Amino acid sequence: MIKNKTLAAWIEEMKNLVNPDNVVLITGSEEQLEELRKEAVETGEMIKLNQEKLPGCYLHRTKPNDVARVEDRTFICTKDKETAGPTNNWCDPKEMYEKLYNIARDSYKGRTMYIIPYSMGPIGSPIAKIGVEVTDSIYVVLNMAIMTRIGQKVLDTLGDSNDWVRGLHAKCNVDPENRYICHFPEDNTIISVNSAYGGNVLLGKKCFALRIASFQGWKEGWMAEHMLILGLENPKGEVKYIAAAFPSACGKTNLAMLIPPEYLKKKGYKIWTVGDDIAWMKIGPDGRLYAINPENGFFGVAPGTNAHSNFNALESTKKNTIFTNVALNLDDNTVWWEGLDKNPPKNALNWRGEPWDYTKYDKTKKVETSAAHPNSRFTAPAKNCPCLSDEFDKGAGVPISAIIFGGRRAKCTPLVYQSKDWVNGVFVGSTMASETTAAAAGAVGVVRRDPMAMLPFCGYNMGDYFKHWLDMGEKLGDKAPKIFNVNWFRTDDEGNFIWPGFGDNMRVLNWIIDRCEGKANARETAIGYIPNAEDIDLTDLDMSIDTLKGILEVDKDIWTKEADEIEEHYKKFGNKLPEQLREQLNNLKAALK
Ligand code: OXD
Ligand code: MN
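The protein atoms donating to the manganese ion (ligand 2) are Lys206 (NZ), His226 (NE2) and Asp277 (OD), with metal-donor distances spanning 2.1 to 2.2 Å. Site description for the manganese ion (ligand 2): donor spacing in sequence, K-x19-H-x50-D. Within this pair, whereas Lys206 is found in helix 8 (residues 204-220), its partner His226 is found in the loop between strand 12 (223-225) and strand 13 (228-233), the two being separated by 20 residues in sequence. Note on accessibility: Lys206 and His226 belong to one class, buried.

Rendered as structure tokens:
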């Protein structure tokens, strides 16, 4: 029963627009979800997998034209174009509402409207927020039931408040020419049409938790960031929390679920996962910055996930998980993807549902010849994760000691450095960049600037976003987290990675936490504080101190070129670029002279 007046009125309006045959309120009960799973299996929307090996697991295939987020069809619709800024597609809200309503009108005919009340964050947490998504897709309902907290208890918590985000999803004909993912931050509204791919239709995730929430955070004085959150436990049992932002394909989920090297594990070091993709952060009663993970599951990339690269993520997918666009092993009705193991199934269907011949696999034509789509996904409940933090479900959030930025840079950025202060750290985040890999289409090694990893996700003008970061620093004062930058991806002359990465990144995290506590040494350079090679613990690692010194170097010539590129990058923001950041660039240039 919907008692909330603003919600009841909006549901009426949506019903009249899309014209469904039936309307179902998602209460979140297991019986209701089980009925929907059954229906999805009957209609072929999902395939039930081997229930002994993968209890509660299903496979879903999207249309081949609908396999990823579509940034060129993603819009921020604010009254003023300038509010959306130079990095977002913009359209006048009136015009866009009209266009979208024309597409969605009557599109639920013969279909059911599912109403999903959901909470981003533990229900009732002072940092959490509520949304309602209506959809004509059972796949969306079942994914939202994993990725968020859903159902009647959310409505009970909402009461009669109008502080909730409206989300309309209409599959329509999954027509790429009429696909739009649109945000109206001034109305707390999201409309997504003609897609059924997770990132475009699970409206709680990128659409609400980043684009709408970043706008809300700007107006309300908090932060919505594209960051993982982890807790690092030392042998004394003390846990310190770190939030970290990386562009796609830099190992965010791997870092969030890191397993320390044997020798550190024996000493008693542990990593606890709070989140792998999104952090909402607010200043707490003690003046420190507290973070929650607004999500309740992991929507992770399957290919490359294996027992070595990410044991904990793989474990998380062993029950109650929905796989999307992975391969189906017909011999035992389980799933497979490239990089899972070295035994490709001999009798399998690829992500399109066609017979797959593993001998024909061609690395240069992944989409055409791979078993799983390169962007195939698992939707797994967070509570399956063996290293899930005890704090995960607590609404108060965890106090953040350090913020880490990073990217893939073959030569430029050292393994790790600490910014000189908060303002300098905002400069580091605003200039974040990553080099393209062979995994993505287009040229390899091209530098893409992706400030704070928020380029596709910031719901307003990025110049204002930088200013918001600076303002937050002022409010936090000496309680502000320390800001660092890492680069796991330095290569030698043959293009091999020098740093082992994965679990060994723990050695760098330990230095970072020691710096936060004033326990570790560093030397000042033009870009910030760099560890002395002796300050990073290399015990049991096959790496010489000279090799480590090499990847801690700051090459003045490379950085002079980098400063010129930053200047170009900054031009985009025009007079919205905060003066303090321009000063930071000037300081860097002077220090490099
Ligand atoms: C994601 C992304 O899917 O950042 O998390 O693209
Ligand atoms: Mn992400």
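So that's the structure; there's more coming.
Moving on, we get to the domain arrangement of the chain. What the domain assignment reports for the chain is domain 1 (5-44 + 71-221), domain 2 (225-296 + 390-592) and domain 3 (298-384). When each unit is reduced to the centre of its C-alpha atoms, the spacing between domain 2 and domain 3 is 30 Å. Taken over both partners, the interface formed by domain 2 and domain 3 buries close to 840 Å², and the fraction arising from carbon and sulfur atoms is 62%. For the pair domain 2 and domain 3, the number of links is zero salt bridges. At the junction of domain 2 and domain 3, the tally comes to four residue pairs in polar contact (both at pLDDT 80 or more).

With that out of the way, let us pick up the site of ligand 1. As a matter of local geometry, ligand 1 sits amid Arg69, Lys206, His226, Ser248, Asp277, Arg377 and Phe457. With respect to ligand 1, the side chain of His226 contributes an N or O atom lying 3.2 Å from an oxygen atom. At a separation of 3.1 Å, an oxygen atom of ligand 1 approaches a polar side-chain atom of Arg377. A total of 210 Å² of accessible area belongs to ligand 1 in isolation, and the protein chains cover 84% of it.

Here the focus is the sheet that holds strand 21 (residues 334-336). Strand order in this open sheet of four strands is 21-20-22-23, and the pairing throughout is antiparallel. Each having just a single partner strand, strand 21 and strand 23 (355-356) make up the two edges of the open sheet.

We now examine the layout of surface pockets. A probe as big as a water molecule, rolled over the atoms, marks out the empty space that is left. In this model, the second largest pocket occupies a volume close to 620 Å³. If you go around the second largest pocket, you meet 27 residues; those closest to its centre are Arg37, Ala145, Ile146, Pro381 and Lys383. Counting residues per element, the lining of the second largest pocket draws most heavily on helix 2 (residues 30-43), at four residues.

Attention now goes to unusual backbone geometry. You will see that Asn19, though not glycine, has its phi angle at about 60°, which is positive. Note on placement: Asn19 falls in the loop between helix 1 (5-18) and strand 1 (22-25).

Okay, the packing of aromatic side chains next. On inspection of all chains with the given rule, the structure shows 22 aromatic pairs. Arranged with centres 6.1 Å apart and planes meeting at 50°, the rings of Tyr465 and Phe466 form a pair that is tilted. Judged by its relative accessible area of 1%, Tyr465 is buried. You can call Phe466 buried: its relative accessible area is 0%. In this structure an aromatic cluster arises from ring pairing among Phe215, Trp218, Tyr460, Tyr465, Phe466 and Phe573. Positioned over the ring face of Trp164 is Arg166, at 3.8 Å from the centre of the ring. Geometry around Phe457 places Lys206 over its ring, the cationic atom sitting 4.4 Å from the centre.

What follows is about the pattern of salt bridges. One pass over the full model with this rule turns up 34 salt bridges. Among the salt bridges present, the one from Arg409 reaches Glu562, with a minimum N-O distance of 2.9 Å. Here the residue Arg409 occupies a position in the loop between strand 25 (398-406) and strand 26 (416-418), and Glu562 occupies one in helix 17 (residues 556-571), the gap between them amounting to 153 residues. The class for Glu562 is buried, based on a relative accessible area of 5%. Each of Arg409, Glu435, Arg449, Lys561, Glu562 and Glu565 takes part in a single network of salt bridges with overlapping partners.

Considering all chains together, one arrives at four cavities of 30 Å³ or more under this definition. Approximately 40 Å³ is the volume found for the largest cavity. Every residue lining the largest cavity is listed: Arg69, Val70, Glu71, Thr74, Ile181, Gly199, Asn200, Cys207 and Arg211. Elements supplying a minimum of two residues to the lining of the largest cavity: helix 7 (198-201) and helix 8.

Relative to the assigned elements, Thr525 resides in the loop between strand 30 (523-524) and strand 31 (529-530). A distance of 2.8 Å separates a polar atom in the side chain of Thr525 from the backbone oxygen of Gly528. Dropping the residues within four chain positions of it, Thr525 is found in contact with Lys420, Ile530 and Val554.

With that settled, the discussion passes to the pairing of strand 16 (residues 279-283). Pairing geometry for strand 12 and strand 16, over three bridges, is antiparallel. The residue of strand 16 that forms the bridge with Met223 is Met281. With four bridges connecting them, strand 16 and strand 17 (residues 289-292) associate as antiparallel partners. Each bridged residue has a counterpart across the sheet, and for Lys282 the counterpart in strand 17 is Tyr290. Between the end of strand 16 and the start of strand 17, which pair antiparallel, lie five residues, with Gly287 showing a positive phi angle near 85°.

Now for the sheet that holds strand 3 (residues 58-60). If you trace the five strands from one edge of the open sheet to the other, you get 2-3-19-24-18, paired in mixed fashion. Sheet topology places strand 2 (47-48) and strand 18 (297-301) at the edges, where each strand pairs with a single neighbour. Pairing geometry for strand 18 and strand 24 (residues 377-381), over five bridges, is antiparallel. When the bridges of strand 24 are listed, Phe299 appears paired with Thr379.

Each value, and the rule that gives it
- Residues numbered from 1 in each chain as written.
- Chains lettered and ligands numbered in written order.
- Predicted model: local features only at pLDDT ≥ 70, side-chain atom pairs only at ≥ 80, totals over all residues.
- Heavy atoms only, no water.
- Donors = N, O, S within 2.8 Å, 3.2 Å for Na, K, Ca; no water.
- Helix = DSSP H or I, 4+ residues; strand = E, 2+ residues; numbered from the N terminus.
- Buried < 20%, exposed > 50% of the residue type's maximum accessible area, 1.4 Å probe, protein only.
- Domains from an automatic or database assignment.
- Buried area = accessible area lost by both parts, 1.4 Å probe.
- Salt bridge = Lys/Arg side-chain N within 4 Å of Asp/Glu carboxyl O.
- Polar contact = N/O pair within 3.5 Å; in protein donor to acceptor, adjacent residues only side chain to side chain.
- Near = heavy atom within 4 Å.
- Areas by Shrake-Rupley, 256 points an atom, 1.4 Å probe, with all protein chains shown as cover.
- Pairing = 2+ DSSP bridges.
- 1 Å grid on protein atoms, 1.4 Å probe; cavity = no way out; pocket = protein on both sides within 12 Å on 5 of 7 lines; lining within 4 Å.
- Points joined across faces, edges and corners; volume = space filled by probe spheres on them.
- Phe/Tyr/Trp six-rings, centres within 6.5 Å; stacked < 30°, edge-to-face > 60°.
- Lys NZ or Arg CZ within 6 Å of the ring centre and 35° of its normal.
- Contact = heavy atoms within 4.5 Å.

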